[in-house]
Amino acid sequence: MERVIFPNRPALPTPTLTSNPNNPPRIKLNSITLPLHPNSPSSTPSSFPLDSLLHHLLHSSSPPTTLNHLHKDAEFENGSLEFMSCKGKSMLDLIVEHPLATLNGLFDLRKSELVEVDLAGLLKGLESSGHWEKALILFEWVAANLNSHKGNKLDNQVIEQIVRILGKESQHTVAAKLFDKIPLEGYSLDVRAYTTILHAYARTGKYQRAITLFKSLKQKGLSLTLVTYNVMLDVYGKMGRSWDKILGLLEDMKSNGLVFDHFTCSTVIAACGREGLLEEATKFFYGLKSQGYTPGTVTYNALLQVFGKAGVYSESLSILKEMEENNCPPDSVTYNELVGAYLRAGFYEEGAALIDTMASKGILPNTITYTTMINAYGKAGKEDKALDLFHRMKKLGCVPNICTYNAIIGMLGKRSRSEEMIEILSEMKMNGCPPNRITWNTMLAACGTTGMQTYVHRVFREMRSCGFEPDRDTFNTLISAYGRCGSGVDAAKMYEEMIKVGFTPCVTTYNALLNALARRGNWKAGELVVRDMKKKGFKPNETSYSLMLHCYAKGGNVKGLELIEKDIYGGRIFPSWVLLRTLILANSKCRALAGMERAFQELQKHGYKADMVIFNSMLSIYAKNRMTDRAHDMLQLIHENGLLPDIVTYNSLMDMYARGGECWKAEEILDELRKAGAKPDLVSYNTVIKGFCRQRLMHEAIRTMSEMTTRGIRPCIVTYNTLITGYASQEHISMKKPWNLCPRSEMSISLLMIDLRKGLCPLYRIKCGHDFSRCKYQYYFQ
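Residues numbered from 1 in each chain as written. Predicted model: local features only at pLDDT ≥ 70, side-chain atom pairs only at ≥ 80, totals over all residues. Heavy atoms only, no water.

A. Broad picture of helix α6 (residues 119-128). With eight of ten residues buried, α6 is to be regarded as a mostly interior element. Among all positions of α6, only Leu119, Ala120, Gly121, Leu122, Leu123, Gly125, Leu126 and Glu127 are buried. Packed against the buried residues of α6 are α3 (86-97), α5 (111-116), α7 (132-145) and α8 (156-168). Directly after α6, the chain includes Gly130, whose backbone phi takes a positive value near 85°. (Buried < 20%, exposed > 50% of the residue type's maximum accessible area, 1.4 Å probe, protein only. Helix = DSSP H or I, 4+ residues; strand = E, 2+ residues; numbered from the N terminus. Contact = heavy atoms within 4.5 Å.)

B. The packing of aromatic side chains, seen in detail. Tallying each qualifying case throughout the model produces nine aromatic pairs. Where Phe285 meets Tyr286, the ring centres are 4.9 Å apart and the plane angle is 85°; that geometry is what we call edge-to-face. For Tyr286, a relative accessible area of 35% puts it in the partly exposed group. Their ring planes at 75° and their centres at 6.0 Å tell us that Phe390 and Tyr405 sit as a pair that is edge-to-face. One end of the pair, Phe390, is in helix α21 (residues 383-395); the other, Tyr405, is in helix α22 (residues 402-414), with 15 residues separating them in the sequence. (Phe/Tyr/Trp six-rings, centres within 6.5 Å; stacked < 30°, edge-to-face > 60°.)

C. Summary view of the pattern of salt bridges. In the structure shown here, the tally under the stated rule is 23 salt bridges. Among the ionic pairs, Asp252 bridges to Lys218, the shortest N-O distance being 2.9 Å. Of this pair, Asp252 sits in helix α13 (residues 243-255) while Lys218 sits in helix α11 (residues 207-219), and the two are 34 residues apart along the sequence. The residue Arg630 makes a salt bridge to Glu597 at a minimum N-O spacing of 2.2 Å. Placement of Arg630 in helix α35 (residues 628-640) and of Glu597 in helix α33 (residues 593-605) is noted, with a sequence separation of 33 residues between them. (Salt bridge = Lys/Arg side-chain N within 4 Å of Asp/Glu carboxyl O.)

D. Just the packing of helix α10 (residues 191-203) against helix α12 (residues 226-239), in detail. Packing of α10 against α12 leaves a shortest axis separation of 9 Å and a crossing angle of 15°. Accordingly, the angle class assigned to the pair α10 and α12 is roughly parallel. In this structure, α10 meets α12 at a crossing whose hand is left-handed. In this structure, α10 uses Val191, Thr195, Leu198, His199, Ala202 and Arg203 to contact α12, whose residues at the interface are Val227, Thr228, Val231, Met232, Asp234, Val235 and Lys238. Among the residues making up the contact of α10 with α12, the classes are represented as seven nonpolar, three polar and three charged. (Axes fitted to C-alpha atoms, helices over the stretch in contact; angles between N-to-C directions. Parallel < 35°, antiparallel > 145°, perpendicular 65-115°, else oblique. Left-handed = near helix turned anticlockwise from the far one by under 90°. Nonpolar A, V, L, I, M, F, W, Y, C, P; charged D, E, K, R; others polar.)

This is the structure we're talking about:
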C-alpha cells in the first residue's frame, strides 16, 4: 500500500545562486509580513511549547498498569482465610511483607516451598487481602518456573483464579497480554473463565484472538452461556463488517434455547450504529417487538444512538415519543443521545437547550452531557462557547472526568492554544485525574500540523516511556497526525507497524489514510483506499465519503464529486448533515455553482441547519462571481437562522464590492465590521486597498495601509504588490515590461521600497525615469 498511496518523491537538487558583480544584490525574502511601523503594537507568534506541555503531561501521568495502585490496609481475622493451610498463610504473610520489586527473588529462594503450597488458594488469599498485583507476579513466576518443572502443568484452578482476579480488577490489557503467552487450548477451564478472557480480548481490540478462542470452545462442545454469546456479539460489533456473523450468532443462541436480554438487543443495535446500518437496526428492533419483546430504556437508547450518529434528529424525536407512549422513562443517556443527534444535524443551540429541558424533568445533566456539547462546540470552531460551558458545568457541581479534559485538550490543541492546554493539564493533576492513553493520543493529534512530524515522534516516544503502549486508536491517530504533517511515508510506516503488532485495521484506520490523502488532493490513491476497504468487507461511512469529497475538491476533480453526488441523491448513501455540508464546501472549492446550490437545497429539504462555514462558503462564491443579489440572500439567511456575520462574511462582502468597483462601499463594510465588535484582519485591509487601487485612488489606499499598520497589522507582499500595481496603472504602464513613471509615482514607490527593504519585496523589477542610466531610483527585486 505504501508504494501506491504514499510514493516517495526523489530529492531535487537545491539551486545555487551565483553572484554577479555587475548586478546589484537582491533582497532576501525572509517572512510573509513586513515589520510594523515603529509606533505600532507588535506580537511575535511563539513556537509550539512542546517542552512545557510534555513536562506537565509526564509529571501528571501514571502508567496504565496499576502496579502503583494503593493497597487496602485491611486486617483479616483468622476465619477469613480458613480455606488456606498453615503453610499457605505463612507464605501469604511473607509475600505481603515483601515489596513488589523483590518478589521474584523471594520466589526463587522459596521455590521448593511454593511447589507444595496450594497455589490457587494462595492467589485467592492475595486477592482477598488487596494485593492483586502480587498475585499476578506470583502467577507469572509460576508460569515461567514451575509450568515445565518435572513435566508439571499449570493447574486449571490456578488459571481460573488469576482470570477471576484480573476480571474483577478490570485489568483487561494485562489479561490479554498474559494469555497471549499461555496456550489455552491445552487446558479445560470453566465457561466463566473463558468468557472473562474473551471479554479482555474484546476490550483490548484483539478481535481475531477472541474469535479463534470462541471457535475452539464450540469445538470442545462447551455449554456456552448467554453472557458468552453477548461478549462475542460485542466483539463482532466492534470489529466491523460482521453483520452476517452477528445474525449467525443470534441463530445459534435461538437454537440453544437462549433468550435475548436487553444487553443482547442493545449490543446488536449498537453494532448497526457503528456501521451506519439504519435499515438493519430498525428491522431488528421492530422484528423483536413483533415477537413480544418489550424494549427497555437501554434498548431504546441504543436505537437513539444509531439515528443520532447519522444526525437524523427527526427520527430520534420519534423514538423519544414512542418511549413516552410505552411508559418507558427516558434517562440521562436518552437525553445525551438526543443532544448528540441535534448537534450532528447542526442544531447547536437546540442541543444546548436540551440541558435545561433535562433539568426541568428532574434529570440532572451529567458529565457525558456536557462533554458531548463541548466536543460539538470544539468541532464547530466555537472554542469560547465550549470553555464557557466547561466553566458552567464545574460551577454547577458537575465534576469533569478524563473524557471532558481530553475533549478540552484536543479542542485547544487544534487551535495551538498551548497556554490554556498547560492550565488544563495542571488542573487535571490538582483534581487527581491523571492523563490516560487517550490524553496522549490527543496530544499526538494536536501535533498533527504541517512541519511538526518531529514533535509527533517525540510525543510518541515519551508516551511509551510512561508505560502507555500504543493501541489501535493510537496507531490510527499516528497515521492521521503524520498525514496532516505531510509525512505520507511515516503514515504508511505506522500502518505497517499496526498490522505487524497484531491490530486489525478498521474503518477509522482507512479514514486516517484518506485524511492524509485528502490534504494532498491525491484522489487516485484515495480511490484505491476505498476500493481496498470494500474488498476487505468494510463499509465506508459518512467520514469516508466526506474525505473522498475533500480529496476530489483539493485535486480539482469535479467528476469525482458528481459520482458521489449521484449515490447520495439516488439513496445509495444516506444524506447525513455531514455529507451534505461537505458537498456544499467541496463544490464551493471547485467553484461548481450548480452543485453547491443543489447540495444546499438538499440540506434544507432534510431539515438540517446550515452553519456559518456553509453560509460563508456560498457567500464567497457569489461574491467572486459578482452575484450581489444572491450574496445578500445569504446574508439575510444568516440573520434568519439566528447567526451573526463574522469576519469571513464581511471580508467576502468587501471583496464583492471591491471587484465591482464600489470601493467606498467596501470601506463602509470595513467600518461596519469594526462597529460590530470584530477585529479586521490583514485580508480585510488588503481587500479595501485593492478596491481603492483599482479606482486609482492611491491617496485613499495609502491612508488605509497607514491605518492598518497603526492598528498593529503588518503589510504583506500582497499589500505592496497591490499598491505598486495601483501606481503603475495611473500611468497606463504595462506590467509585462519595465515601468517608466512620473516623479510623483517614483517618489511614492521609492518610499514603499524603503519599507520593502526591511522585510519583503514585490515580485516585479521596477525601472524609474525616462533615462534608466541616469535614474536615481533603481531597484531589482526577485
